[in-house]
Amino acid sequence: MAFFSPYFVASYNTPMENLKEQILRLKKEKHAVILAHYYQQPDIQEVADYVGDSLGLSQEAEKVNADMIVFAGVHFMAETAKLLNPKKKVLLPDLNAGCSLADSCPPDIFKKFIEAHPNHIVITYVNCSAEIKALSHLVCTSSNAEKIVNSVPENIPIIFAPDKNLGNYINQKTGRQMVLWDGSCVVHEAFSLEKLIALHKEHPNAAIIAHPESETHILETASYIGSTSGMIEFVKQSPKTEFIVATEAGILHKMQEAVPDKVLIPAPAMEDNTCACSECAYMKLNTLRKLYDCLANETPEVTVPKAVAEKAIVPIQRMLELSK
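If you're wondering where the values come from, they're calculated on a predicted model, not measured in any experiment.

1. Describing helix α9 (residues 164-174)
The complete set of buried residues in α9 reads N165, L166, G167, Y169, I170, N171 and T174. The inward-facing, buried residues of α9 abut β5 (121-125), α8 (145-150), β7 (158-161), β8 (179-180), α11 (216-219) and β10 (224-225). At the N-terminal boundary of α9, the capping side chain belongs to D163, with an oxygen 3.0 Å from the backbone nitrogen of N165. Immediately downstream of α9, the backbone of G175 shows phi near 80 degrees, a positive value.

Shown next, in the form of structure tokens:
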């Protein structure tokens, strides 16, 4: 049954701090845990029990000790949490929080793609739907993609989906010739090389760091290429004091907390927008108000059909075992 607090009714004029207090209260009352991705708005990250990248969130979801999981991220992330916790209620503040990369790989078309490449091991990036995971042998994240690919003997051909940029980067790192699905993330393809070069001229001492979902011409400028958690660790360890960060701008909140004395500059996007950086419109659909409503009403809930879940959980568990 949905729970409605008799003590507090949020309105759209409710101060942010009051919402945060009520979210923390509800979380305790309902024995709920909030998992948030680095790309979420700062106020959501601040009320989360854990903030991380896809691998960290998957690992955290696997060991959750709570009755309810509120996933402040996008749909495929909440689906993964549900696959790992089939008996727990998993909520997503806004069901419209999808993913351009996941959407680029429709299950019916991908199935035909697999059939056209028989005897291939199918490795899919976690940024895909449960239906795509159900068609896969292994799942990976940007943190462990190289390790997962290297776990497959070199004489066995691989299909890698849905991100062609990450797949191409891993091909270069491993020397493999994986067959790549033609998918990409609009956020990581939005960076402007011309603007990036101009920005670096303004900050010649800054190190460029990039996420491997970015296009090759962006990666070629980078001093470091890695996952969101890897990028944060790099700026913590680097003797450099300035960094140009080529990934979704939401990472800057936790990154700046980790290195308060260093200068972090978002890599510029091709199109002019409010922050002149690259932001995921899907990630930003989640708001603190929606997070409160989600907890208060215990909806919207994310579910996965049993037949899909039974197949999709297998490659995820293989990934988690290989990542230990």
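From this point, the narrative continues.
2. Here's the deal with the side chain of K82
Tracing the backbone through its elements, the reader meets K82 in helix α4 (residues 75-84). The buried charged residue K82 lacks any salt bridge partner; its closest oppositely charged side chain belongs to E301, at an N-O distance of 4.4 Å. At 3.2 Å, the side chain of K82 and the backbone oxygen of P86 are in polar contact. Those residues in contact with K82 that sit more than four places away from it in its chain are K88, V90, E301, V302, T303 and V304.

3. Re the packing of aromatic side chains
Under the counting rule described, the total for this entry stands at five aromatic pairs. Summarising the aromatic geometry, the rings of F110 and F113 are spaced 6.2 Å apart at their centres and angled 20 degrees between planes, so their arrangement reads as stacked. Taken together, the residues span about one helical turn, with F110 and F113 both in helix α6 (residues 107-115) at a distance of three residues. Both rings, one in Y224 and one in F234, keep their centres 4.6 Å apart while their planes meet at 10 degrees; by these two values the pair is stacked. With Y224 in strand β10 and F234 in helix α12 (residues 228-237), this residue pair connects regions lying 10 residues apart in the sequence. A residue is classified by how much of its surface remains accessible, and Y224, at 23% relative accessible area, is partly exposed. Every member of this aromatic cluster is reached through a ring pair, and the members are F110, F113 and W181.

4. Quick word on the sheet that holds strand β12 (residues 263-266)
The four strands are arranged β10-β9-β11-β12 in an open sheet whose pairing can be described as parallel. Both edges of this open sheet fall to β10 and β12, since each of them pairs with a single strand only. Two elements, strand β9 (residues 207-210) and strand β11 (residues 242-246), share four bridges in a ladder whose sense is parallel. Residue I208 lies in a different strand from β11, and its bridge partner there is I244.

Conventions used here
Residues numbered from 1 in each chain as written. Predicted model: local features only at pLDDT ≥ 70, side-chain atom pairs only at ≥ 80, totals over all residues. Heavy atoms only, no water. Buried < 20%, exposed > 50% of the residue type's maximum accessible area, 1.4 Å probe, protein only. Helix = DSSP H or I, 4+ residues; strand = E, 2+ residues; numbered from the N terminus. Contact = heavy atoms within 4.5 Å. Polar contact = N/O pair within 3.5 Å; in protein donor to acceptor, adjacent residues only side chain to side chain. Lys, Arg positive; Asp, Glu negative; His and termini not counted. Salt bridge = Lys/Arg side-chain N within 4 Å of Asp/Glu carboxyl O. Phe/Tyr/Trp six-rings, centres within 6.5 Å; stacked < 30°, edge-to-face > 60°. Pairing = 2+ DSSP bridges.

Shape descriptors only; they carry no functional weight alone.
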